[in-house]
Amino acid sequence: MKSKLAIVGLMLFTIFIGFGIIIPILPQLVTEASKESANWHTGAMLAIYSLMSFLLSPFWGGLSERIGRRPVIMTGVLGFAISFLIFGLSGDNLVIMYISRILGGLFSGAVVSCIVAYVADITTEDERTKGMAVVGMSIGLGFTFGPGFGGFLSEIQLHTPFYAAAALSFIVFVAAWFKLPESLPPEKRASKEKGKRISRWTAFQGPLKYLYVLAFFVTFSLAILEATLQLFGIEKFEVTPLQIGMMFFFCGLAGALVQGGIVRRRIKNGEEGKYIAIGLLISALGFFLMLTADSWVMATVYLCIFGIGNSLIKPCVSSLITKKTTVGQGIASGLSSSMDSLGRIVGPLLGAALLGAASWLPFVVSGILSVAALGLLAQFRIKDRQKLQA
């Protein structure tokens, strides 16, 4: 199991490095292509990536239930590599940039949703939370190193990070071709006819619907933070792009250490709900403390507090969903991935609107959402207990 987890972890790390590298360089690339509407195009390219992932993740999850996880994951990684190569070749052509972002979102959905299902296939219920911690740690590390990776390589040439991401994705594809076995045997797969009738909302039922909404809240508040922190920091303590990169680096590192050291080693089967509640409270504390930051160093400390809380929540939610789902793992994980993508579509848009009203508002709203999510967790636990007793 460990070798399989290492391969899928490397795949997710690659995907989310690819997501992160675009953050520090996309505004400059778009400005060179269209100075008049650079802000609109920057936001649209970030949103369209997540939109495509949101729309296609359930399709990929359902397809993996019929033909197996491996072919869908391999297709996703190869397509992701091609999307970065296209962006590298785009020059200042906005149309090609958009095509690349659409393809990137489409194929990233294949990888993320199916890898969560893959981990669920290869782990027992007792091992599930540890497996999901590997998923969360890989995503966190990708987000941690992605922006720095992009900023460093852009010193060579602005399109260099895209060529490097394409090459890295292709290397992962080759490694997985030889090392990644199928996790879903033919006898456990859904029939083609049955698969056609399954939609993402099949998983959105019973107690689990509260967990799906909670997962949306968590990603939604994170996306608000990512979209507004730099502008908030500029107004409060004149933060620089390099400092923002360092802040997210330490936040991601703190989260990865928690997922690798605490979630994998200490959280036992049945304890997920308790740690989700702790994570929500810590995240809310980080949001509210951010309002008091008067330097980028203190802001980094508070961002790390948020990152620790967030790193407790996500693997535990994923673990509970895969344990409690009454539909296929691919469908359940596909909907979970879609809820994450939806949060990343709506979050930046609301964050920008809140920031326009008042610089402190995005953090207050995000903190309130984190506290409110405790109510969703309570509802899940009550309904799940009632279901077990019925």
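Our structure's up above, just so we're on the same page.
The structure contained in this document is the topic of the report that follows. Model, not experiment: these values are computed from the prediction. (Residues numbered from 1 in each chain as written. Predicted model: local features only at pLDDT ≥ 70, side-chain atom pairs only at ≥ 80, totals over all residues. Heavy atoms only, no water.)

**Comments concerning the overall build of the chain**
Turning to step 1, where the next piece is worked out: On a plain count of helices and strands, the chain comes out with 14 helices and 0 strands.
Turning to step 2, where the next piece is worked out: Written out in order from the N terminus, the α and β elements of the chain read α-α-α-α-α-α-α-α-α-α-α-α-α-α.
Turning to step 3, where the next piece is worked out: In the chain, which comprises 390 residues, the share counted as buried stands at 56%.
Turning to step 4, where the next piece is worked out: Partitioning the intrachain contacts of the chain with sequence separation of at least 6 by distance along the chain shows that 85% fall at a separation of at least 24.
Turning to step 5, where the next piece is worked out: Within the structure as shown, the chain displays about 16,300 Å² of accessible surface, and the carbon and sulfur contribution to it stands at 66%. (Helix = DSSP H or I, 4+ residues; strand = E, 2+ residues; numbered from the N terminus. Buried < 20%, exposed > 50% of the residue type's maximum accessible area, 1.4 Å probe, protein only. Contact = heavy atoms within 4.5 Å. Areas by Shrake-Rupley, 256 points an atom, 1.4 Å probe, with all protein chains shown as cover.)

**A word on the environment of G255**
Turning to step 1, where the next piece is worked out: Tracing the chain through its elements places G255 in helix α10 (residues 241-266).
Turning to step 2, where the next piece is worked out: If we skip the residues at most four places from it in the chain, G255 touches G307 and S311.

**A closer look at the environment of L377**
Turning to step 1, where the next piece is worked out: Relative to the helices and strands, L377 resides in helix α14 (residues 361-389).
Turning to step 2, where the next piece is worked out: A relative accessible area of 3% places L377 in the buried class.
Turning to step 3, where the next piece is worked out: A sequence separation of 170 residues divides L377 from P207, and the C-alpha atoms of the two residues are 9.6 Å apart.
Turning to step 4, where the next piece is worked out: Aside from chain neighbours lying at most four places away, what touches L377 is L214, G273, I276 and A277.

**What about a nonpolar patch on the surface?**
Turning to step 1, where the next piece is worked out: Nonpolar side chains collect at one region of the surface, where L78, I82, F170, V174, W177 and F178 lie side by side and expose about 610 Å² of accessible area between them.
Turning to step 2, where the next piece is worked out: Those elements giving two or more residues to the nonpolar patch turn out to be α4 (69-88) and α7 (160-179).
Turning to step 3, where the next piece is worked out: No other element matches α7, which puts 4 residues into the nonpolar patch.
Turning to step 4, where the next piece is worked out: Tracing the backbone shows V174 in helix α7. (Patch = residues over 30% accessible without salt bridge, like charges linked within 9 Å, V, L, I, M, F, W, Y side chains within 5 Å. Salt bridge = Lys/Arg side-chain N within 4 Å of Asp/Glu carboxyl O.)

**Structural notes on the packing of helix α9 (residues 208-237) against α14**
Turning to step 1, where the next piece is worked out: At a minimum axis separation of 9 Å, α9 and α14 run at an interaxial angle of 170 degrees. In this view, α9 runs roughly antiparallel relative to α14, as classed from their interaxial angle.
Turning to step 2, where the next piece is worked out: Tallied by class, the residues present in the contact of α9 with α14 amount to 18 nonpolar, 4 polar and 1 charged. (Axes fitted to C-alpha atoms, helices over the stretch in contact; angles between N-to-C directions. Parallel < 35°, antiparallel > 145°, perpendicular 65-115°, else oblique. Nonpolar A, V, L, I, M, F, W, Y, C, P; charged D, E, K, R; others polar.)

**Topic: a positive patch on the surface**
Turning to step 1, where the next piece is worked out: Taken together, K130, R266, K268 and K274 make up a surface patch of like positive charges.
Turning to step 2, where the next piece is worked out: Mapping K274 onto the fold places it in helix α11 (residues 272-290).
Turning to step 3, where the next piece is worked out: Overall, the relative accessible area of 41% leaves K274 in the partly exposed class. (Lys, Arg positive; Asp, Glu negative; His and termini not counted. Charge placed at Lys NZ, Arg CZ, Asp CG, Glu CD.)

**Focus on the pattern of salt bridges**
Turning to step 1, where the next piece is worked out: Throughout the structure, instances matching the rule amount to 2 salt bridges.
Turning to step 2, where the next piece is worked out: Here R69 makes a salt bridge to E65, at a shortest N to O gap of 3.1 Å. Across the pair, exposure class does not vary: R69 and E65 are buried alike.
Turning to step 3, where the next piece is worked out: With a closest N to O distance of 2.7 Å, D121 and R69 form a salt bridge. Within this pair, whereas D121 is found in helix α5 (residues 94-122), its partner R69 is found in helix α4, the two being separated by 52 residues in sequence.
Turning to step 4, where the next piece is worked out: With a relative accessible area of 25%, D121 lands in the partly exposed category.
Turning to step 5, where the next piece is worked out: Look at R69 and you get buried, because its relative accessible area is 1%.
Turning to step 6, where the next piece is worked out: When salt bridges that share partners are traced, they join E65, R69 and D121 into one network.

**Side note on the environment of R385**
Turning to step 1, where the next piece is worked out: Of note, R385 is situated in helix α14.
Turning to step 2, where the next piece is worked out: Sequence separation of R385 and P207 is 178 residues, and the distance between their C-alpha atoms is 9.1 Å.

**Focus on the nonpolar core**
Within soluble globular proteins, side chains that are nonpolar generally end up buried alongside one another.
Turning to step 1, where the next piece is worked out: Ranked by internal contacts, the top residues of the largest apolar core, which has 57 residues, are M11, F16, W60, I73, I115 and L180.
Turning to step 2, where the next piece is worked out: With 15 residues, α5 is the largest single contributor of residues to this core.
Turning to step 3, where the next piece is worked out: In contact with L180, other than residues within four places in its own chain, are I7, V8, M11, R70, I73, Y118 and A175.
Turning to step 4, where the next piece is worked out: F220, I313, V317 and I331 belong to the second-largest nonpolar core, a separate cluster that totals 33 residues. (Core = buried A, V, L, I, M, F, W, Y, C linked by side-chain atoms within 4.5 Å.)

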